[in-house]
Amino acid sequence: MTTTSIPDSPQPTPPETDLPDAPAPRNSSPLATAHSQLATAVEVLGYDSGQHQMLATPRREIHVAVPLRRDDGETVLFHGFRVQHNISRGPGKGGLRYAPGVDIDEVRALAMWMTWKCGIVDLPYGGAKGGVAIDPRDYSTAELERVTRRYTSEIMPMIGPDTDVMAPDMGTDEQTMAWVMDTYSVNRGYTIPAVVTGKPLAVGGSRGRGTATSAGIVHVTAAALEEAGVPLTDVTVAVQGFGKVGSHAAAIFAERGAKVVAVSDQYGGLRNDTGIDVKRLLEHLAATGSVVGFDDAEPLSNVDLLGLEVDVLVPAAVEGVLDEQTAGRVRARWVVEGANGPTTTAGDAILARNGVTVVPDVLANAGGVVVSYFEWVQANQTYWWAEHEIAERLEHRMTSAYGDVSALARRQDLSLRDAALVIGIQRTAEAHRIRGLYP
Ligand code: NAD
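Residues numbered from 1 in each chain as written. Predicted model: local features only at pLDDT ≥ 70, side-chain atom pairs only at ≥ 80, totals over all residues. Heavy atoms only, no water.

Colleague: What is the right way to look at the overall build of the protein chain in this model?
Modeller: Scanning the protein chain for helices and strands turns up 14 helices and 12 strands. Computed over C-alpha atoms, the radius of gyration of the protein chain comes to 21 Å, within 12% of the 22 Å expected from 2.2 N^0.38 for 439 residues, which places it in the range of a compact globule. Residue pairs in contact within the protein chain that sit at least 24 positions apart in sequence constitute 68% of those at least 6 positions apart. Both charge centroids of the protein chain, one from 38 positive and one from 54 negative side chains, sit 5 Å from each other. (Helix = DSSP H or I, 4+ residues; strand = E, 2+ residues; numbered from the N terminus. Rg over C-alpha atoms; globule rule 2.2 N^0.38 Å. Contact = heavy atoms within 4.5 Å. Lys, Arg positive; Asp, Glu negative; His and termini not counted. Charge placed at Lys NZ, Arg CZ, Asp CG, Glu CD.)

Colleague: Before we go on, may I ask you to explain the pairing of strand β5 (residues 164-168) in this structure?
Modeller: The side chains of a regular strand alternate, residue by residue, between the two faces of the sheet. Most of β5 is tucked away: 5 of the 5 residues are buried. With burial as the criterion, each face of β5 is covered, one bearing Asp-164, Met-166 and Pro-168 and the other bearing Val-165 and Ala-167. (Buried < 20%, exposed > 50% of the residue type's maximum accessible area, 1.4 Å probe, protein only.)

Colleague: Looking at this structure, how should I read the site of the ligand?
Modeller: For the ligand, the set of nearby residues contains 22 residues, the closest of which are Arg-97, Asp-169, Thr-213, Gln-266 and Asn-340. A distance of 2.7 Å separates an oxygen atom of the ligand from a polar side-chain atom of Gln-266. Separating an oxygen atom of the ligand from a side-chain N or O atom of Asn-340 is a distance of 2.8 Å. For the ligand, the protein covers 87% of the area, taking 830 Å² as the surface of the free molecule. (Near = heavy atom within 4 Å. Polar contact = N/O pair within 3.5 Å; in protein donor to acceptor, adjacent residues only side chain to side chain. Areas by Shrake-Rupley, 256 points an atom, 1.4 Å probe, with all protein chains shown as cover.)

Colleague: What is the right way to read helix α3 (residues 104-120) from this model?
Modeller: In this model α3 runs 25 Å from its N-terminal to its C-terminal C-alpha over 17 residues, within 8% of the 24 Å that 1.5 Å per residue would give. Burial of α3 is extensive: 16 of the 17 residues sit out of reach of the surface. Looking one or two places after α3, you find Asp-122, whose phi comes out positive at around 55 degrees. (Expected span 1.5 Å × (residues − 1).)

Colleague: What should I look at first to understand the sheet that holds strand β7 (residues 259-265) in this one?
Modeller: Backbone-to-backbone hydrogen bonds pair the strands of a sheet. The strands run either parallel or antiparallel. An order of β9-β8-β7-β6-β10-β11-β12 is seen for the 7 strands of this open sheet, with the pairing classed as mixed. Each edge of the open sheet is held by one strand with a lone partner, namely β9 (298-300) and β12 (357-359). Within the sheet, the average angular offset between the axes of one strand and its neighbour, ignoring direction, is 20 degrees. Inspection of the sheet shows strand β6 (residues 236-240) paired to strand β10 (residues 312-315) by 4 bridges, in the parallel sense. When the sheet's bridge partners are listed, Ala-238 is paired in β10 with Leu-313. (Pairing = 2+ DSSP bridges. Axes fitted to C-alpha atoms, helices over the stretch in contact; angles between N-to-C directions.)

Colleague: Can you help me understand the confidence of the model for the protein chain in this one?
Modeller: The predicted coordinates ought not to be read in detail in places where the model reports low pLDDT. Put simply, the protein chain has an average pLDDT of 94, and 94% of its residues get 70 or more. Here residues 1-26 scores under 50 on pLDDT; set against residues more than four positions off or in separate chains, the count is 51 contacts. (pLDDT = per-residue confidence, 0-100.)

Colleague: Which parts of the structure should I look at to understand the environment of Ala-238?
Modeller: You can see Ala-238 is positioned in strand β6. As a C-alpha pair, Ala-238 and Glu-309 span 71 residues in sequence and 9.1 Å in three-dimensional space. Residues within four places of Ala-238 in sequence aside, it is in contact with Ala-262, Leu-305, Leu-308, Val-310, Val-312, Leu-313 and Val-314.

Colleague: How should the pattern of salt bridges be read in this particular structure?
Modeller: Close approach of charged atoms allows side chains with opposite charge to pair. Throughout the structure, instances matching the rule amount to 26 salt bridges. As a salt-bridge pair, Asp-71 and Arg-146 come within 2.8 Å of each other at their nearest N and O atoms. Of this pair, Asp-71 sits in the loop between β1 (60-69) and β2 (75-86) while Arg-146 sits in helix α4 (residues 141-155); the two residues are 75 residues apart in sequence, bridging distant segments of the chain. For Arg-146, a relative accessible area of 35% corresponds to the partly exposed category. One network of salt bridges, in which partners are shared, links Arg-97, Glu-106, Lys-129, Asp-169 and Glu-319. (Salt bridge = Lys/Arg side-chain N within 4 Å of Asp/Glu carboxyl O.)

Colleague: Help me understand the nonpolar core in this model?
Modeller: As a rule of thumb, nonpolar side chains are buried together in soluble globular proteins. Within the largest apolar cluster, 89 residues are counted, with the highest numbers of intra-cluster contacts made by Trp-116, Phe-253, Val-263, Val-314, Val-336, Val-359 and Ile-425. Looking at this core element by element, the count peaks at 9 residues for helix α6 (residues 212-227). Look past the residues within four positions of Val-336 in its chain and what remains in contact with it is Ile-217, Val-220, Thr-221, Val-312, Leu-313, Val-314, Pro-315, Val-359 and Ala-364. The next biggest cluster of nonpolar side chains, apart from the first, holds 25 residues, and it includes Val-76, Tyr-98, Met-166 and Trp-179. (Core = buried A, V, L, I, M, F, W, Y, C linked by side-chain atoms within 4.5 Å.)

Colleague: How do you make sense of the pairing of β1 when you look at a structure like this?
Modeller: By the bridge criterion, 10 bridges tie β1 to β2 in an arrangement that is antiparallel. Note on β2: the bridge partner recorded for Pro-67 is Leu-77.

Now the structure itself:
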């Protein structure tokens, strides 16, 4: 099997943020993108540099060493992080990522996006994120369990159902969350399901959580299309990334009548202009671990997928794939960001110039944290809701958040990204203002 990776982008000019204490990010890094987006929204909102700095700087960070005794007895060491970007509206909330390239700046960017995202869909949470720099594919299940339990013990002082609540992200899943919950609970002496979300149903997970991010992507896509008078059943869709987010998004798009014509994962992609049979592709993925080799489609590279003539492009893999090299190739009319940070600041400018409507990550992929919130509420009440209640409440939150963002965008002539960020940032700043500064 060959690995197709997205080419590195050249370094654009760093955004001018005038933040003395803010970390210095790599120029095209997720943190540079997050800071540049914040700077634009702060300008629209007219905040001063003190407020800007407060919003740009994480409240708490922890960097931990995570040693692992491998199955063969050898010891290796990983670096782990947890960042609470903001906790003014409630506990920190955000995923745990296992990927080889994880570093503190990436986790800071992802934590900041979580703050704005929770504000946009009006959840009583701040933003947080965690990560371990490990490639989970290289380790056995038993090794990943030991890494997860050690990482959880190391960050124990920072997490809890009222302080910081984890969920799955890239490279982690519901089993990882069960290990985190168990480690935390065993150390406290009793079972505390609300310390994580995205758990298996058997230990207090919520119905609908596994597909929530993807269902939310399809809800906001349908809302954006409706504004343009285009039915979902008339569109073609390409999805980059076929993991927890991308695979379910492709399946739900197909279920709702859209034609999924291309998908990819890190090993390569596929194209079938008459429509991919997503159900059969999911079986192929379960059997082989990749979309590559599926019999009913032509091979396609990840970069070529981004330039396909489709109506809707959903980047649902990694950050920074739509940059100054690739954004100009996009021929889709809508880019709906399933991944966090798939578009760099330079890429965003190119898409805007070419008339592509971008439904931004902080809105488009918020369905996961919405149902995580439902899971947390259910765990705190120890009362579980029916699947249809979750599906209806999710759809309502997503479409009404889309409506608020779109209305502001039209009113103030902003992009959907800037409008979404303005809403999320304003709600966070308002909480700061009302609470006041201690002491
Ligand atoms: P995952 O690990 O389940 O899947 C990632 C997918 O992307 C896999 O198919 C992988 O092969 C593919 N991929 C990895 N590197 C790639 C590359 N260079 N080119 C093309 N494909 C590549 O992760 P996930 O949970 O589906 O998360 C995907 C994105 O969505 C991430 O940005 C994540 O932060 C974001 N997100 C996830 C959730 C969630 O609920 N899981 C919620 C909101 C946002």
